[in-house]
Amino acid sequence: MNSKVLIIYTGGTIGMIPSEKGFIPDPDFPKKIIKDLGQIKDEQIPPFDIISMSPLLDSSNMTPADWNKIAKVIDKNKNNYQGMIVLHGTDTMAYTASVLGFMLQGLNNSIILTGSQIPYSQVRNDARDNLLTSLIICGNYDIPEVSVYFNNKLFRGCRSTKIDATRFGAFDSPNYPVLAEVGVNIGLRKKRSFNIDLREDLINDKLKKQAPVYYFEQDEDERDYEVGVLRLFPGISADFVYHILQPKLKGLVIEAYGVGNGPTKEKNPEFFKVLSEATKNDDTVIVAVTQCLRGEVILDEYATSLKSAGVISGHDMTVEAALAKLYYLISKEKLNMKEVKKLMQKNCIGELTDDE
Ligand code: ASP
């Protein structure tokens, strides 16, 4: 292999320069990459093109409308480049990687998101290595899914999460093995088959017709996506939860305790009532993931399980993947809430481990 790669620059620390207000994306970063990496003559490095998104963003400012834009660029270029690299800020990279996995399912291209903790512009940085190695992987290996490359590891995108704000090892995929590990050699996980978990059979027929890329269908200006995340904490009140659910959310990810526990009907009847009312008649899909970094939700284990309030299991999904999946499924007007609920508990693109 050694096919041409497209680099899509969205912003993020990797291409930032200092300003009076702190680091901001540098619009000249693409030129600098071409000047620096373009000079290297090494057969491992594939030829590449680079394009910039507009506006360039610190990923803390990203919204679902930006995910749509990135997906559209990838879709438009899917026949011209086998591999694409998305340069992205680390703060919300795991959300974008998760959601692109859903939006781009069925695509045969290798899509690698990468970024850095220190900008390319600084003398000591992790940016050059992350970009260079992503380029080599992207141009020389066929890895047809959305992944995240960071600090010598390639992760499945919808399993990745940012675990460190300052160290170079900013990402991990706590509930799923790495796809590749880079040392002296580039070691792809043995006996693995990319896209092995793609479960097209679970995707509603009506959605299939929109393949291969499913955009969010809401009006981009309205930003009316109606989903959210709530982390349980000792002392959480029914009122607090009630207000989060108003105006009626369609989907809520609860970061529950341990294997999916929370206050019970006996100890906190009001809290229980608010959740039960919301899930009644499938008005709101409430899905539990664990607050712990590793492990899964098992809703039958304790009397404190949130299951009796109508909460469903998010198994071992990251909070980023669970939120991305809710955004994605709920944005599909053609799916009813019963279908959303069913799909939330099933493995669609490798985002969760279910028992089947
Ligand atoms: N705030 C930056 C961003 O997410 C952080 C980074 O890229 O590391 O864009």
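Here we summarise the structure given alongside this text. What you see is a predicted model; the values in this text were computed from it and never measured.

Parameters and conventions
- Residues numbered from 1 in each chain as written.
- Predicted model: local features only at pLDDT ≥ 70, side-chain atom pairs only at ≥ 80, totals over all residues.
- Heavy atoms only, no water.
- 1 Å grid on protein atoms, 1.4 Å probe; cavity = no way out; pocket = protein on both sides within 12 Å on 5 of 7 lines; lining within 4 Å.
- Points joined across faces, edges and corners; volume = space filled by probe spheres on them.
- Helix = DSSP H or I, 4+ residues; strand = E, 2+ residues; numbered from the N terminus.
- Nonpolar A, V, L, I, M, F, W, Y, C, P; charged D, E, K, R; others polar.
- Buried < 20%, exposed > 50% of the residue type's maximum accessible area, 1.4 Å probe, protein only.
- Arc of directions from axis to C-beta.
- Contact = heavy atoms within 4.5 Å.
- Axes fitted to C-alpha atoms, helices over the stretch in contact; angles between N-to-C directions.
- Parallel < 35°, antiparallel > 145°, perpendicular 65-115°, else oblique.
- Left-handed = near helix turned anticlockwise from the far one by under 90°.
- Pairing = 2+ DSSP bridges.
- Salt bridge = Lys/Arg side-chain N within 4 Å of Asp/Glu carboxyl O.

Quick look at empty space enclosed by the protein now. A full pass over the atoms with the stated rule returns two cavities of 30 Å³ or more. Here the second largest cavity is characterised by a volume of approximately 60 Å³. Along its surface, the second largest cavity is lined by Thr10, Met53, Ser54, Pro55, Leu57, Met62, Asp66, Lys69 and Ile70. Every element with two or more residues in the lining of the second largest cavity is listed here: strand 4 (48-57) and helix 2 (64-77). With four residues, strand 4 is the largest single contributor of residues to the lining of the second largest cavity. Class assignment of the residues belonging to the lining of the second largest cavity gives a composition of five nonpolar, two polar and two charged.

A cis amide bond links serine 54 to the next residue, proline 55, at an omega of -5°. Within the secondary structure layout, proline 55 lies in strand 4. Unlike most non-glycine residues, asparagine 151 shows phi in positive territory, near 50°. The topology assignment puts asparagine 151 in the loop between strand 7 (146-150) and strand 8 (153-156). Given a relative accessible area of 31%, asparagine 151 falls into the partly exposed group. The backbone of asparagine 152 shows a phi angle near 75°, a positive value even though the residue is not glycine. The topology assignment puts asparagine 152 in the loop between strand 7 and strand 8. The partly exposed category is assigned to asparagine 152, whose relative accessible area is 30%.

We now examine helix 1 (residues 29-37). By the burial criterion, the buried members of helix 1 are Phe29, Pro30, Ile33 and Leu37. Each buried residue of helix 1 sits inside an arc of 100° when the element is viewed along its axis, so together they form one side. Along helix 1, exposed side chains directed more than 90 degrees from the buried face belong to Lys31 and Lys35. Buried residues along helix 1 sit in contact with strand 1 (5-11), strand 4, strand 5 (83-87) and helix 4 (127-140).

Before going further, it helps to spend a moment on the environment of aspartate 164. With respect to the helices, strands and loops of the structure, aspartate 164 is situated in the loop between strand 9 (161-162) and strand 10 (171-172). A residue is classified by how much of its surface remains accessible, and aspartate 164, at 15% relative accessible area, is buried. With 47 residues separating them in the primary sequence, aspartate 164 and glutamine 117 have C-alpha atoms 9.8 Å apart. The residues touching aspartate 164, leaving out its near neighbours within four places in the chain, are Gln117, Gly169 and Ala170.

With their axes 10 Å apart at the nearest point, helix 2 and helix 3 (residues 93-103) run at an angle of 55° to one another. The angle between helix 2 and helix 3 falls in the class oblique. Pair helix 2 / helix 3 crosses with right-handed handedness. Packed against helix 2, whose contacting residues are Trp67, Asn68, Ile70, Ala71 and Ile74, the element helix 3 presents Tyr95, Thr96, Val99, Leu100 and Met103 at the interface. Partitioned by chemical class, the residues of the contact of helix 2 with helix 3 number eight nonpolar, two polar and no charged.

What follows is about the sheet that holds strand 16 (residues 312-313). Taken together, four strands build an open sheet; the order of strands is 13-14-15-16 and the sheet is parallel. A strand with exactly one partner marks an edge of an open sheet, and here the two such strands are strand 13 (227-231) and strand 16. Relative to strand 15 (residues 285-290), strand 14 (residues 251-256) is paired through six bridges, and the arrangement is parallel. When the sheet's bridge partners are listed, valine 253 is paired in strand 15 with valine 287. Lying on the sheet, helix 8 (residues 319-330) is in contact with strand 13, strand 14 and strand 15; it crosses strand 14 at an angle near 165°.

On to the pattern of salt bridges. Evaluated as defined, the whole model comprises 16 salt bridges. Residue aspartate 36 pairs with arginine 128 through a salt bridge whose shortest N-O separation is 3.0 Å. Taken together, the residues aspartate 36 in helix 1 and arginine 128 in helix 4 connect sequence positions 92 residues apart. By relative accessible area, which is 25% here, aspartate 36 ends up partly exposed. Between aspartate 282 and lysine 341 there is a salt bridge whose closest N-O contact spans 2.8 Å. Of this pair, aspartate 282 sits in the loop between helix 7 (269-279) and strand 15 while lysine 341 sits in helix 9 (residues 337-344), and the two are 59 residues apart along the sequence. A relative accessible area of 14% places aspartate 282 in the buried class. Judged by its relative accessible area of 24%, lysine 341 falls in the partly exposed class. What emerges from the salt-bridge pattern is a single network uniting Asp282, Lys338 and Lys341.

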